[in-house]
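Structure assessment
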Amino acid sequence: MAVTFFVLALGPFVGSFVGVLVDRLPLGRDVVVDPSACGSCGTRLRWRDLIPVLSFALARGRCRHCGAPIAPHLLYLEILAAGLGLLAVLAGGAPAYVLLTAVMLWLLLALAACDLAMFRLPDVLTAALAGVVLLRAPDLGAALWGGAAGMAAFFALRHVYARARGREGLGLGDVKLMAGLGALTGVALLPHLVLGAALLALAGALVMHRSPQRLSGRTPLPFGTALCASAAGLWLWGVV
Ligand SMILES: [Zn+2]
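Calculation rules
Residues numbered from 1 in each chain as written. Predicted model: local features only at pLDDT ≥ 70, side-chain atom pairs only at ≥ 80, totals over all residues. Helix = DSSP H or I, 4+ residues; strand = E, 2+ residues; numbered from the N terminus. Rg over C-alpha atoms; globule rule 2.2 N^0.38 Å. Buried ≥ 20, exposed ≤ 12 C-beta atoms within 10 Å, placed from the backbone. Domains from an automatic or database assignment. Contact = placed C-beta atoms within 7 Å. Expected span 1.5 Å × (residues − 1). Axes fitted to C-alpha atoms, helices over the stretch in contact; angles between N-to-C directions. Parallel < 35°, antiparallel > 145°, perpendicular 65-115°, else oblique. Left-handed = near helix turned anticlockwise from the far one by under 90°. Nonpolar A, V, L, I, M, F, W, Y, C, P; charged D, E, K, R; others polar. Core = buried A, V, L, I, M, F, W, Y, C linked by C-beta atoms within 7 Å.

For the protein, the helix and strand inventory stands at eight helices and zero strands. In sequence order, the protein lays out its α and β elements as α-α-α-α-α-α-α-α. Against the compact-globule benchmark of 18 Å for 240 residues, the protein has a radius of gyration of 19 Å, which places it among compact chains. Each of the three principal axes of the protein carries a C-alpha extent, and together these read 50 × 50 × 35 Å. Burial statistics for the protein: of 240 residues in total, 34% are counted as buried.

Once the domains are mapped, the protein shows domain 1 (1-120) and domain 2 (122-240). The straight-line distance from the C-alpha centre of domain 1 to that of domain 2 is 23 Å. Opposite the 19 residues of domain 1 that make contact, domain 2 presents 20 residues. Mapped by element, the contributors of at least two residues to the side of domain 1 that touches domain 2 are helix 3 (72-91) and helix 4 (95-118). In terms of residue count, helix 4 provides more of the side of domain 1 that touches domain 2 than any other element does, 13 residues in total.

We now examine the environment of L54. Secondary-structure assignment places L54 in helix 2 (residues 54-58). Sequence separation between L54 and C228 is 174 residues, and the spatial gap between their C-alpha atoms is 28 Å.

Below, the discussion takes up helix 8 (residues 223-237). Taking 1.5 Å of rise per residue, the 15 residues of helix 8 would be expected to cover 21 Å, and the 21 Å separating its terminal C-alpha atoms lies within 8% of that figure. For helix 8, the complete set of buried residues consists of F223, G224, T225, A226, L227, C228, S230, A231, A232 and W235. Directly after helix 8, the chain includes G238, whose backbone phi takes a positive value near 85°.

Another point: the packing of helix 1 (residues 2-24) against helix 3. Contact geometry of helix 1 with helix 3 gives a least axis separation of 7 Å together with a crossing angle of 150°. Looking at the two axes, helix 1 sits roughly antiparallel to helix 3. Along this stretch, helix 1 crosses helix 3, giving a crossing that reads as right-handed. Looking at side-chain class alone, the contact of helix 1 with helix 3 contains 16 nonpolar, seven polar and one charged residues.

What follows concerns the nonpolar core. L108, L109, A110 and L111 are the most contacted members of the largest nonpolar core, which totals 52 residues. Residue assignment for this core shows that the elements contributing at least two residues are helix 1, helix 3, helix 4, helix 5 (123-136), helix 6 (140-165), helix 7 (172-209) and helix 8. Of all the elements, helix 4 adds the most residues to this core, at 13 residues. Mapping this core onto the domain boundaries places at least three of its residues in each of domain 1 (1-120) and domain 2 (122-240). Contact partners of L108, with chain neighbours within four places excluded, come to C228, A231 and A232.

This next bit is on the packing of helix 4 against helix 5. For the pair helix 4 and helix 5, the least separation of the axes is 10 Å and the interaxial angle reads 155°. Relative to helix 5, the element helix 4 is oriented roughly antiparallel. The two elements helix 4 and helix 5 meet at a crossing, and its hand is left-handed. Side by side, helix 4 and helix 5 meet where L100, V103, M104, L107, A110, L111 and C114 of the first sit next to L125, T126, A128, L129, V132 and R136 of the second. When its residues are assigned to classes, the contact of helix 4 with helix 5 shows eleven nonpolar, one polar and one charged.

Take the environment of L206 next. Mapping L206 onto the fold places it in helix 7. Judged by the 10 C-beta atoms lying within 10 Å of it, L206 falls in the exposed class.

What follows is the structure, given as structure tokens:
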């Protein structure tokens, strides 16, 4: 009961923090010490500006000082993180497992959002994911093999793609991401993870293809986002 309340209450705040990570980590800015400020007028935000969802709704998505619109992705992340907290509770299990599910889903959300927004997978997040996965691994040896296989496969794929197309298709961030995701799935379920991600990326590409900015062979796709979504699905499905 206590964990349920904790996860549900924490979700929106985690979403706010993910918004800070997405805006700052890829630029190398500090995420803990720097106070939040309006990106337009620079006014420091106070506690009443930082209540997830509510502040955005009360100020109608604008800065209270200069009226500049606040990026809506901050609101979406707060709602998404709250929803993932709810999913963790609904997925059930012992209190410690509910908390673990929530942490995993939030970490995957942070990685997915960074890749989607900036085409970057910050080292601190890929390392945190690998750390959590290895700490909970029922079989550490199998997890390490899975992580190594995932990294090796993506490193090879990156090399082959760069050779064939003459440009970088997969970033090193994707390779590092596969350390944690490969450790999560193990070698046996690695193909499921990648296939799920490929289908999600294809679905995303089809949606984008219908949008005004047409997709070309050179449009970058955030494959890390698809990998994270696929991993979240496998986790919630209970197979990893
Ligand atoms: Zn402002």
